[in-house]
Amino acid sequence: MAATIRCDVAIVGAGLAGGLLALAFRRRHPDLDVRLIDAAETIGGNHLWSFFGSDVATADRWLVEPLVCHGWRRYDVAFPHHARTIEQTYYSIESARLDAVVRAAMPADALMLGRKVLAASATAVVLADGDRVEATGVIDARGVADLGTLDLGWQKFVGREIETEAPHGREHPVVMDATVKQVDGYRFVYVLPFAADRVFVEDTYYSERSELNRRAIEQRLDRYAADHGWTGRTLREESGVLPVAMGGDFDAYWRSGGRSVAKAGMRAGLFHPTTGYSLPDAVRTAVMIVARRDFAGQALHDATYAHAKATWEERGFYRMLDTMLFRAAEPEERYRVLERFYRLAPRLVGRFYAGQSTMADKARILTGKPPVPFGRAVRVLLAAKR
Ligand SMILES: Cc1cc2nc3c(=O)[nH]c(=O)nc-3n(C[C@H](O)[C@H](O)[C@H](O)COP(=O)(O)OP(=O)(O)OC[C@H]3O[C@@H](n4cnc5c(N)ncnc54)[C@H](O)[C@@H]3O)c2cc1C
C-alpha cells in the first residue's frame, strides 16, 4: 500500500548539489528530518569533480574538506606558443567519496535511494512506486532541466583513469594541454596524477555539436596516453557533455524545471557559463540555504530563484566571451583565445573560474589585440542576446 512520508526538508536528486546540501543540513541543522531521494542506488553517480582552491571561499571549506580525495599546489597549461606552471591549488573529489561521506552522515531512513521521482512541488514529492513525501520544503536537484531554453555550445569529453605499468612521472595536473591536434572546435587534454602509477587523462572539446563520438575520442585518448608511455589497466571511465552558455531565457529555463519548487545545482541553472562546471555554485548554494531558518517551500523557492537569477545576470560577461569563442573565432583558431587568457595573472584566472571576475579583470581580459577577427567579433556581439 502506498505510504505518505512526512519530513522537514526533501532533497530530490542525490548528485553533487543534493549530496552537498544533505551534508550541509546535517552539519547546521542536525535536528531536522531531511530526506535525500534518488532514482539511483548510489550518491553522486560516476563522477570526478575538480575545482581550484580559489573556487571555494575559506568560510565554506568545511563543506568540501571531508570530500577531497586529491590535492595539488600547482598546475600546468600548455599551448602551441605558450606554456606555464600556475601556483594555485587544485582539488578533486571522487563520487565514491561523496557517497561514503553522505552515508556516514545521514541516518539510514533519511536516504531514499533507488526511488524514482515522478513530480516535485514546493511541499510534496511523488515517487514512481506510489509513495508520497510531504515536506515543509522541497529542493529539486535532479540535474539539468530543459537546456533547449538556452543558447549553448558544448564542452564534451571522455576521461579514463589508468593504472600505469611504470611510474608516469607527473607530479601536478595539466589543466589544459592544447598542443594536441585541434579537432571539432577547441581541443585539449586534461591530466590528473592521482598516484605515482595512477593517472586520469581526459580528451576535451569545445564544440558547437553536442554529439559525443565516443569511439573517435577514445582513439585519440589512447594515442595521447601511448605517446606519453602511459599504458596499463583502465580503472574507470567517464564522459560528459556540458553546456557552455552564450545566452538564453533564464526564466524559461527555471520554469522548465518546475514552476514552484526550490532548486539547486544544474537544475537551478547554477553553472559556470564557460566551463559548465557547477561545484563552486553548488557549495555556495548549499551554504546559503542552510544559513536560513525558514524552510517553507514557497520561501525556499523564492530564495533559490532570487539567488540563481542574480547569478545568471551577473554572468553576462562570460556568456559574451563564450559567444566570441564559438561565433567569432574559427574552430581551429579557438585555442588562441585560451592561450592569450593564460598569459594573465594567476589571481585573475582564479577569479574567472570562480565566476567572480572584477570589473578590472574584465577590462584586462578584453584589452589588447583580440585573438579573433575584430569586425566579426563586433557583428557577433551586436547580434547576440545574452
Ligand atoms: C563526467 C562529468 C564530469 C564533470 N566534472 C566536473 C568537475 O570536475 N567540476 C565541476 O565543477 N563540474 C563538473 N561537471 C559538471 C557538473 O558539475 C556535474 O554534472 C554535477 O554533477 C552536476 O551536479 P547536479 O547535482 O546538479 O546534478 P547531478 O550530479 O547530475 O545529480 C542529479 C541527480 O538527480 C538524480 N535524478 C535525476 N532524475 C531523477 C528522478 N526522476 N528521480 C530521482 N532522482 C533523479 C540523478 O540520479 C542524479 O543523482 C562534470 C560533469 C560530468 C558529466
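*Asks:* Which parts of the structure should I look at to understand the packing of helix 1 (residues 16-28) against helix 3 (residues 95-105)?
*Replies:* What describes two packed helices is the angle between their axes and the distance between those same axes. Axis separation between helix 1 and helix 3 bottoms out at 10 Å; the angle between their running directions is 35 degrees. The chirality of how helix 1 crosses helix 3 is left-handed. Residues L16, G19, L23 and R26 of helix 1 lie in contact with helix 3, whose contacting residues are L98, V101, V102 and A105. Looking at the contact of helix 1 with helix 3 residue by residue, the classes come out as 6 nonpolar, 1 polar and 1 charged.

*Asks:* Help me understand the packing of aromatic side chains, please; the structure alone is not making it clear to me.
*Replies:* Within a pair of aromatic rings, the relevant descriptors are the distance that separates the centres and the angle that separates the planes. Tallying each qualifying case throughout the model produces 27 aromatic pairs. Look at Y186 and Y206: their rings are 6.1 Å apart centre to centre, the planes differ by 45 degrees, and that puts the pair in the tilted class. Taken together, the positions of Y186 in strand 14 (residues 186-195) and Y206 in strand 15 (residues 198-207) put the pair 20 residues apart, joining distant regions of the chain. Y206 gets classed as buried once you look at its relative accessible area, which sits at 6%. Measuring from centroid to centroid gives 6.3 Å for F341 and Y353, while their planes differ by 85 degrees, and the two rings are edge-to-face.

*Asks:* Help me out: how do you make sense of the site of the ligand in this one?
*Replies:* Around the ligand, a shell composed of 28 residues is seen, among which A17, D38, S50, M266 and S278 lie nearest. At 2.8 Å, a backbone N or O of A17 approaches an oxygen atom of the ligand. Between D38 and the ligand, the recorded distance is 2.6 Å, taken from a side-chain N or O atom to an oxygen atom. When the ligand sits alone it has 980 Å² of accessible area, and the protein chains cover 84% of it.

*Asks:* Looking at this model, I keep getting lost on the sheet that holds strand 16 (residues 232-248). Mind explaining?
*Replies:* Strand pairing in a sheet relies on backbone hydrogen bonds. The paired strands run either parallel or antiparallel. The 7 strands lie next to each other as 6-5-13-14-15-12-16, forming an open sheet whose pairing is mixed. The open sheet terminates on both sides in strands that have one partner only, identified here as strand 6 (82-86) and strand 16. Along the sheet, successive strands turn relative to each other by an average axial angle of 15 degrees, direction set aside. For strand 13 (residues 174-177) and strand 14, the ladder comprises 2 bridges, and the chain directions are antiparallel. Note on strand 14: the bridge partner recorded for D177 is V189.

*Asks:* How should helix 3 be read in this particular structure?
*Replies:* Turning to helix 3, its buried residues are S95, L98, D99 and V102. Down the axis of helix 3, the sector holding all buried residues measures 100 degrees, keeping them to one side. Pointing more than 90 degrees away from the buried face of helix 3 are the exposed residues A96 and A104.

*Asks:* What am I meant to see in the nonpolar core here?
*Replies:* Where a protein is soluble and globular, its nonpolar side chains tend to be buried together. Among the nonpolar cores identified, the biggest contains 41 residues, and F25, L63 and I139 are the most heavily contacted of them. Every element with two or more residues in this core is listed here: strand 1 (4-12), helix 1, strand 2 (34-38), strand 3 (48-52), helix 2 (61-64), helix 3, strand 8 (111-113) and helix 6 (279-290). Examining the composition of this core, we find that 8 residues originate from one element, helix 1, more than from any other. Among all residues touching L63, those that are not within four sequence positions of it are L20, L23, A24, V283, A286 and V287. If you look at the next biggest cluster of nonpolar residues, it comprises 36 residues, including W72, F188, Y206 and F352.

*Asks:* Explain the side chain of H168 to me, please; I cannot follow it from the model alone.
*Replies:* Take H168: it is sitting in the loop between strand 12 (150-164) and strand 13. By relative accessible area, which is 9% here, H168 ends up buried. Within the local environment of H168, its side chain forms a polar contact with the backbone oxygen of R198, the two atoms lying 3.3 Å apart. In this structure, H168 is in contact with P193, A195, A196, D197, R198, V199 and W230, ignoring residues within four places of it in sequence.

*Asks:* How should the sheet that holds strand 7 (residues 90-94) be read in this particular structure?
*Replies:* The strand order across the open sheet formed by 3 strands is 3-7-4, and the pairing between neighbours is antiparallel. Each edge of the sheet is formed by a strand with only one pairing partner; in this case those strands are strand 3 and strand 4 (68-72). Each strand of the sheet is rotated relative to its neighbour by a mean of 20 degrees, with strand direction disregarded. Where strand 3 and strand 7 come together, 5 bridges link them in antiparallel fashion. Looking at the pairing, F51 lines up with Y91 of strand 7. Set on the sheet, helix 3 makes contact with strand 3, strand 4 and strand 7; between it and strand 7 the angle comes to about 65 degrees.

Thresholds applied
- Residues numbered from 1 in each chain as written.
- Predicted model: local features only at pLDDT ≥ 70, side-chain atom pairs only at ≥ 80, totals over all residues.
- Heavy atoms only, no water.
- Axes fitted to C-alpha atoms, helices over the stretch in contact; angles between N-to-C directions.
- Helix = DSSP H or I, 4+ residues; strand = E, 2+ residues; numbered from the N terminus.
- Left-handed = near helix turned anticlockwise from the far one by under 90°.
- Contact = heavy atoms within 4.5 Å.
- Nonpolar A, V, L, I, M, F, W, Y, C, P; charged D, E, K, R; others polar.
- Phe/Tyr/Trp six-rings, centres within 6.5 Å; stacked < 30°, edge-to-face > 60°.
- Buried < 20%, exposed > 50% of the residue type's maximum accessible area, 1.4 Å probe, protein only.
- Near = heavy atom within 4 Å.
- Polar contact = N/O pair within 3.5 Å; in protein donor to acceptor, adjacent residues only side chain to side chain.
- Areas by Shrake-Rupley, 256 points an atom, 1.4 Å probe, with all protein chains shown as cover.
- Pairing = 2+ DSSP bridges.
- Arc of directions from axis to C-beta.
- Core = buried A, V, L, I, M, F, W, Y, C linked by side-chain atoms within 4.5 Å.

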